[in-house]
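# Understanding the architecture of this molecule
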Amino acid sequence: MEDENEAFYRDLPKVELHAHLNGSVSVPTMERLIARKPHLNVQHSMTAIHKGQRRTLDECFHMFRIIHQLIDSEEDLFMVTKDVVKEYALDGVKYLELRSTPREEKHTGPYWVMLIWSILAAICYRTAEVLLEKRFLVAIDRRNGPEVAMETVKMAEDFMLSSDGLVVGLDLSGDPTVGHCRDLMPALQKARSAGLKLALHLSEVPTQREETELLLTLPPDRIGHGTFLHPEVGGSQALVDAVRQGNIPLELCLTSNVKGQTVPSYEKHHFQYWYRLGHPCVLCADDKGVFGTDLSQEYQLAASTFGLSQEAVWTLSEQAIGCIFAPESVKQELKQKWADLRPFVNGVSNAEDPLFV
Ligand SMILES: CC(C)=CCNc1ncnc2c1ncn2[C@@H]1O[C@H](COP(=O)(O)O)[C@@H](O)[C@H]1O
Ligand SMILES: [Zn+2]
């Protein structure tokens, strides 16, 4: 049975800004996908990291390759997107920015375009049913090189103009040990000047210092992970200063980093460093399916690890609204939603609280 504490984190209204679609597939959805393709011989342990387990980065990226084999038709994609959106809604998320990489699949022809349209269709499909604002980021997988990156940007631009505000930005992700961002700069610059917002995976592994310096010149609108930015872990004060001066929010994914072993433990997560500086930090799940988590759990873990009061947790979730890519009018609506929900969230509804009278 859910205890009061768990109920608080689930009821807490939340914003999810860093969620990779194909990494977010839940156990029940994955079971349906596996059953549809028995010839692939996939076991569930090949697509998710269970409690207490960890994996190397290589092993994690191998998991994505298996997941991609399971999700290779429009039908699969539609089911996955619908389920992921619904699960986020049930987890108390009120605003979701989902991201995904266009992919070309042999038997589906020009899969790229189809993929995006399917996702957008699914997102629209849910709109009538769940109270969840949704936006979409088109992802560049760095492994695919500069030409694909440029094509992806062109496609993202087209969709931004024709999707009625659903496509708001571009993500840069993929195995951080493969390729170099200098080759991708023209595509990223083009995206920026077209008005796409940039959410870039940055300093995810310790060897990316030069890349990070380069990417910060763009600059990005948000940073994914930023694990090795600060001097204590091999980054530098100059990098920290650049991020602070630009007031660039960090998307922080605790369980992803612990299970993927880029940070040694929850206690040592860089959330602490940036939170103490008062820098905008947004807790995110990254790949809730692969890492066996959800956003409520991530908030709960941050609170228990770093001793945050429920009041502080509320503030953390509310401040995430300021970091979304949707326009100001959506921010205002979300702020109102937070205010409306506040009396119903156990633990923060005390009217005598001096911060909120
Ligand atoms: C340890 C580990 C893998 C952590 C997660 N950190 C990540 N770092 C970089 N790219 C990622 C990460 N998680 C997911 N992705 C990207 O998202 C893709 C899966 O979602 P999608 O197919 O874009 O819908 C992966 O193939 C990869 O390109
Ligand atoms: Zn990520």
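Residues numbered from 1 in each chain as written. Chains lettered and ligands numbered in written order. Predicted model: local features only at pLDDT ≥ 70, side-chain atom pairs only at ≥ 80, totals over all residues. Heavy atoms only, no water.

Per an unreviewed UniProt entry, the protein chain goes by the name N6-Methyl-AMP deaminase and belongs to Lepisosteus oculatus. Here is the UniProt Catalytic activity (unreviewed entry) comment for the protein chain, exactly as written: "N(6)-methyl-AMP + H2O + H(+) = IMP + methylamine". (UniProt positions renumbered as here; feature names shortened; annotations may be inferred.)

Time to look at the state of the cysteines. Taken as a whole and assessed by the stated rule, the structure comprises zero disulfides. Here Cys60 is not cross-linked by a disulfide; its sulfur's nearest cysteine counterpart is in Cys253, at 13 Å. Take Cys323: it sits in no disulfide, and the sulfur closest to it among the cysteines is that of Cys281, at 8.9 Å. Residue classification places Cys323 among the buried residues on the basis of a relative accessible area of 10%. (Disulfide = S-S within 2.5 Å. Buried < 20%, exposed > 50% of the residue type's maximum accessible area, 1.4 Å probe, protein only.)

With their axes 10 Å apart at the nearest point, helix α2 (residues 27-36) and helix α4 (residues 74-90) run at an angle of 170° to one another. The orientation of α2 relative to α4 falls into the category roughly antiparallel. For the pair α2 and α4, the sense of crossing is right-handed. Only Glu75, Asp76, Met79, Val80, Asp83 and Glu87 of α4 make contact with α2, whose side of the interface consists of Thr29, Arg32, Leu33 and Arg36. Grouping the amino acids of the contact of α2 with α4 by side-chain chemistry returns three nonpolar, one polar and six charged. (Axes fitted to C-alpha atoms, helices over the stretch in contact; angles between N-to-C directions. Helix = DSSP H or I, 4+ residues; strand = E, 2+ residues; numbered from the N terminus. Parallel < 35°, antiparallel > 145°, perpendicular 65-115°, else oblique. Left-handed = near helix turned anticlockwise from the far one by under 90°. Contact = heavy atoms within 4.5 Å. Nonpolar A, V, L, I, M, F, W, Y, C, P; charged D, E, K, R; others polar.)

As a further point, take the coordination of the zinc ion (ligand 2). For a metal bound by four donors in a tetrahedral arrangement, the ideal donor-metal-donor angle is 109.5 degrees, while six donors in an octahedral arrangement ideally sit at 90 or 180 degrees. His18 (NE2), His20 (NE2), His201 (NE2) and Asp286 (OD) make up the full set of protein donors to the zinc ion (ligand 2), lying at 2.1 to 2.3 Å. Between the donor residues of the zinc ion (ligand 2), the gaps in sequence give the motif H-x1-H-x180-H-x84-D. The residues His18 and His20 share a single accessibility class, namely buried. (Donors = N, O, S within 2.8 Å, 3.2 Å for Na, K, Ca; no water.)

Neighbouring residues of ligand 1: 22 residues in total, closest Asn22, His68, Ser100, Thr101 and Glu204. A distance of 2.7 Å is found between an oxygen atom of ligand 1 and a side-chain nitrogen or oxygen belonging to His68. In the complex, 99% of the free accessible area of ligand 1, which totals 590 Å², lies under the protein chains. Those elements that place two or more of their residues in the shell around ligand 1 are α3 (57-70) and β2 (93-100). For the shell around ligand 1, the element with the most residues is α3, which contributes five residues. Of the residues contributing to the shell around ligand 1, the split by class is six nonpolar, 11 polar and five charged. (Near = heavy atom within 4 Å. Polar contact = N/O pair within 3.5 Å; in protein donor to acceptor, adjacent residues only side chain to side chain. Areas by Shrake-Rupley, 256 points an atom, 1.4 Å probe, with all protein chains shown as cover.)

This part takes up the side chain of Asp76. The residue Asp76 is located in helix α4 in this model. Separated by 2.6 Å, the side chains of Asp76 and Arg36 make a polar contact. Aside from chain neighbours lying at most four places away, what touches Asp76 is Leu33, Arg36, Lys37, Leu70 and Ile71.

A word on the pairing of strand β5 (residues 197-202). For β5, the tally of buried residues reaches five of six residues, placing the bulk of the element in the interior. In this sheet, β5 lies alongside strand β4 (residues 167-173) in parallel orientation, the contact comprising four bridges. Directly across from Gly169, in β5, lies its bridge partner Lys197. Between the parallel elements β4 and β5, the chain passes through helix α7 (residues 185-194) in a crossover that is right-handed. The sheet contact formed by β5 and strand β6 (residues 222-225) spans four bridges and is parallel. Note that in β6 the partner of Leu200 across the bridge is Ile223. Handedness of the β-α-β unit built from β5, helix α8 (residues 209-216) and β6 comes out right-handed. (Pairing = 2+ DSSP bridges. Right-handed = clockwise from strand over helix to strand, strands pointing away.)

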